[in-house]
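# Commentary on secondary and tertiary structure
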Amino acid sequence: MDLTEPIRTDINSTKQPKQLYLLFFAEMWERFSFYGMKALLIAYMTSQLNYDDPKAYAILGSYAALVYTMPMFGGFMADRFIGYRRAIMFGGILMTIGHFVLALPNDWSFFYGMAFIICGNGFFKPNISSLVGTLYGENDARRDSGFSIFYMGINIGAALGGALCAYVGTEINWHYGFGLAGIFMFVGLIVFIIGKKSLGQKGLPPNDAALKKPVFGFIKPEWLIYGGTLLVVPLVVTLFHQYEIMDYIMFGLGIISLVYVLSIAAKLERDPRLKLYAALVMIIFSIVFWAVYEQNAGSMNLLAERNSQMTLFGIDLPELAVNNFLPPGWVIVLTLLVAPLWPWLSKRGKEPSTPLKFAISFIFLGIGFYIFYLGCLAHEDTGIIPLWPFVAGYMFIILGELCISPIGLSMVTKLSPVKIVSMMMGIWFFASAIGEFLAGKIGSLMSVPKEVLEKNDPVLSLPYYADIIQKIGIAAVVIGVLLIFTVPLLKKWMGKIH
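Thresholds, definitions, all that
Residues numbered from 1 in each chain as written. Predicted model: local features only at pLDDT ≥ 70, side-chain atom pairs only at ≥ 80, totals over all residues. Heavy atoms only, no water. pLDDT = per-residue confidence, 0-100. Helix = DSSP H or I, 4+ residues; strand = E, 2+ residues; numbered from the N terminus. Contact = heavy atoms within 4.5 Å. Buried < 20%, exposed > 50% of the residue type's maximum accessible area, 1.4 Å probe, protein only. Expected span 1.5 Å × (residues − 1). Axes fitted to C-alpha atoms, helices over the stretch in contact; angles between N-to-C directions. Parallel < 35°, antiparallel > 145°, perpendicular 65-115°, else oblique. Nonpolar A, V, L, I, M, F, W, Y, C, P; charged D, E, K, R; others polar. Polar contact = N/O pair within 3.5 Å; in protein donor to acceptor, adjacent residues only side chain to side chain. Phe/Tyr/Trp six-rings, centres within 6.5 Å; stacked < 30°, edge-to-face > 60°. Lys NZ or Arg CZ within 6 Å of the ring centre and 35° of its normal. Salt bridge = Lys/Arg side-chain N within 4 Å of Asp/Glu carboxyl O. Core = buried A, V, L, I, M, F, W, Y, C linked by side-chain atoms within 4.5 Å. Left-handed = near helix turned anticlockwise from the far one by under 90°.

## Focus: the confidence of the model for the protein
Per-residue pLDDT for the protein has a mean of 89; in total, 97% of the residues score no lower than 70. Of all helices and strands in the protein, the one with the weakest mean pLDDT is helix 6 (residues 208–212) (78), whereas helix 12 (residues 354–378) scores best (96). Throughout residues 1–9 the model reports pLDDT below 50, and contacts reaching past four residues in sequence, or to other chains, amount to 24 contacts.

As structure tokens, then:
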């Protein structure tokens, strides 16, 4: 594959740009590390640090919220100053450091490792996604399919990382699991560095001369950005120890983000303003989706660990590894069907609009969680759930994810003004941050009291999960149906963009 071939944006072509696969592999290995580490977090806190469920959920929610909040700032810095490429490399370096710090068996390393990963993700995640968007021209029919392919790379990494790191961490040594994640983060960084020249002029700083011009006499703005980010690391560690104040931080940042987007919209002409409004509405709905979906990294991990026994053809499977493998595993399989489906429907004039895809995503999400509830109901006498509800439930949940996550990435690049695409991508991930934070709140509703856990009786602990899972399933379907009624208005605001 010749990655030095110039990027073309022929909207009539059906062949994807070759540079997509550079970004595919760089993101794949970065996601291996990210989800490999995330697979271990809540189980590590409850079993090794001896945190009770509410505290573990609160810290997991705070971590997830911060890791998706930082892209808003990393996207801003890339848009205004350092460009996508330098942001991706800087973020990759910080994340590599973070994973290796987590691998150290010291008391301080747990929170500092997560803090480095949070700051690094803020620069890496939004900007590699924005870089994918630059490979396509306006109204290029390949865009949604391209993002679906990119999304499959994310989930190949997530499937491998979630399964392997969870297995190594739980069966061999927790810190070896964290270290394995660090090795593959380093691989992803090297892949990008080697192939970045193939991107031509894409992703370079918007004003390289200004970036090199010293301020305060001798310090370049670029180094101020890097140094300032490093100073944020101990601040993040402090937030972990004072996680109660995250409620106020997330609420405040949410209001600031909303006011910022509305202030930008007010300065735009009518058509781009309405497009930005449409993007904003869908971003807000995505918060609810992620609050439900992200139970897989929290409450569903503990459900799998405490109340499941997974066997396949008589072979016992490691429950935590399977629970972290199934969601991205289904993404890989179903993307092979969904990615070509959108262009095929588009050619026949039958492709669902972006708002309708969002509505469908909630309905699939609700069905998936209701299947989990049926699994709990069918085995309430033993308190032990077999493999099938996890397999079937996650299949529907992932169908929902494929109707919102890659579509949302594409939507942001299509509906946002060019000058703030990366910033809006950061706000898209910040919506995920709020969702992740709320996921911790929802997860805490499924907290099992320590006195129940001490009895080691799954029949007693299962109802704590089943009741909330049932309510989640019903609520998600209802939201999806309500969202269908907003589709005509959102389509009108989007204009000719589908």
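Once you've had a look at it, read on.
## Quick notes on the environment of F100
Position of F100 among the secondary structure elements: in helix 2 (residues 53–102). Under the relative-accessibility criterion, F100 is labelled partly exposed at 35%. Spatially, the C-alpha atoms of F100 and F178 are 7.1 Å apart, while their sequence positions differ by 78 residues. Here F100 is in contact with G179, G182 and I183, once residues within four sequence places are set aside.

## Re helix 13 (residues 388–402)
A rise of 1.5 Å per residue sets the reference length of helix 13, with its 15 residues, at 21 Å; its end C-alpha atoms lie 21 Å apart and thus fit the reference within 8%. Check the buried side of helix 13 and you find it contacts helix 4 (142–171), helix 9 (270–293), helix 10 (299–307), helix 11 (319–347), helix 12 and helix 14 (405–415).

## Comments concerning the packing of helix 2 against helix 7 (residues 221–241)
Interhelical geometry of helix 2 versus helix 7 gives an angle of 180° and a closest axis separation of 12 Å. Considered as vectors, helix 2 and helix 7 are oriented roughly antiparallel to each other. Contacts between helix 2 and helix 7 involve I59, S62, Y63, L66, M77, F81, I82, R86, F90 and L94 from the first element and E222, I225, Y226, T229, L230, V236, L239 and F240 from the second. By residue class, the composition of the contact of helix 2 with helix 7 is 14 nonpolar, two polar and two charged.

## Things to note about the side chain of K38
Mapped onto the fold, K38 is located in helix 1 (residues 19–47). A relative accessible area of 3% means that K38 is categorised as buried. Polar side-chain contacts of K38 include one of 3.1 Å to the side chain of E294. Sequence-distant contacts of K38, defined by excluding residues within four places in its chain, comprise E294, A297 and E436.

## Considerations on the packing of aromatic side chains
Taken as a whole and assessed by the stated rule, the structure comprises 28 aromatic pairs. Ring centres of F369 and F372 lie 6.1 Å apart, and the angle between their planes is 50°; this geometry places the pair in the tilted category. Placement of both F369 and F372 in helix 12 is noted, with a separation of three residues, approximately one turn of the helix. For F369, a relative accessible area of 2% translates into the label buried. Between F372 and Y394, the aromatic rings sit 5.1 Å apart at their centres with planes inclined by 80°, giving edge-to-face as the arrangement. With F372 in helix 12 and Y394 in helix 13, the pair connects residues that are 22 residues apart, well separated along the chain. Among the aromatic residues, those joined into a cluster by ring pairs are Y44, F110, F111, W174, F178 and F240. Above the ring of F34, the side-chain terminus of R31 is found at 4.1 Å from the ring centroid. We note K55 situated over the ring of Y51; from NZ or CZ to the ring centre the distance is 4.1 Å.

## Remarks on the environment of G254
Among the secondary structure elements, G254 is positioned in helix 8 (residues 246–266). With 177 residues separating them along the chain, G254 and A431 place their C-alpha atoms 8.3 Å apart. Once residues within four sequence positions are removed from consideration, G254 is found in contact with F430 and I434.

## Remarks on unusual backbone geometry
In this structure, F313 takes a positive phi of about 55° despite not being glycine. Residue position: F313 is located in the loop between strand 1 (311–312) and strand 2 (315–316). A positive phi angle, near 55°, is found at N456, a position not held by glycine. Assignment of secondary structure puts N456 in the loop between helix 16 (450–454) and helix 17 (458–484).

## Looking at the pattern of salt bridges
What the rule picks out here adds up to twelve salt bridges. Between R142 and D140 there is a salt bridge, with its nearest N and O atoms 2.8 Å apart. Both residues of the pair, R142 and D140, belong to the buried class. Taking the shortest distance from any N to any O, the salt bridge between D247 and K441 comes out at 2.9 Å.

## Quick look at the side chain of N307
You can see N307 is positioned in helix 10. Under the relative-accessibility criterion, N307 is labelled buried at 0%. At a separation of 2.9 Å, a polar atom in the side chain of N307 contacts the main-chain carbonyl oxygen of P458. A distance of 3.0 Å separates a polar atom in the side chain of N307 from a polar atom in the side chain of S461. Discounting chain neighbours no more than four positions away, the residues touching N307 are L302, G383, I384, I385, P458, S461, L462 and Y465.

## Notes on the nonpolar core
L23, Y63, F390, M411, W428 and I469 are the most contacted members of the largest nonpolar core, which has 158 residues in total. The greatest single-element share of this core, amounting to 21 residues, is contributed by helix 2. Those residues in contact with I469 that lie beyond four places of it in its chain are M300, L303, F369, F372, Y373 and M446.

## Overview of the packing of helix 11 against helix 13
Two numbers describe how helix 11 lies on helix 13: the axes approach to 9 Å, and their chain directions differ by 55°. By the angle class used here, helix 11 and helix 13 are oblique. Handedness of the helix 11/helix 13 crossing: right-handed. Contact residues: N323, L326, P327, W330, V331, L334, T335 and V338 in helix 11; F390, V391, Y394, M395, I398, L399, E401 and L402 in helix 13. Along the lines of polarity and charge, the residues of the contact of helix 11 with helix 13 split into 13 nonpolar, two polar and one charged.

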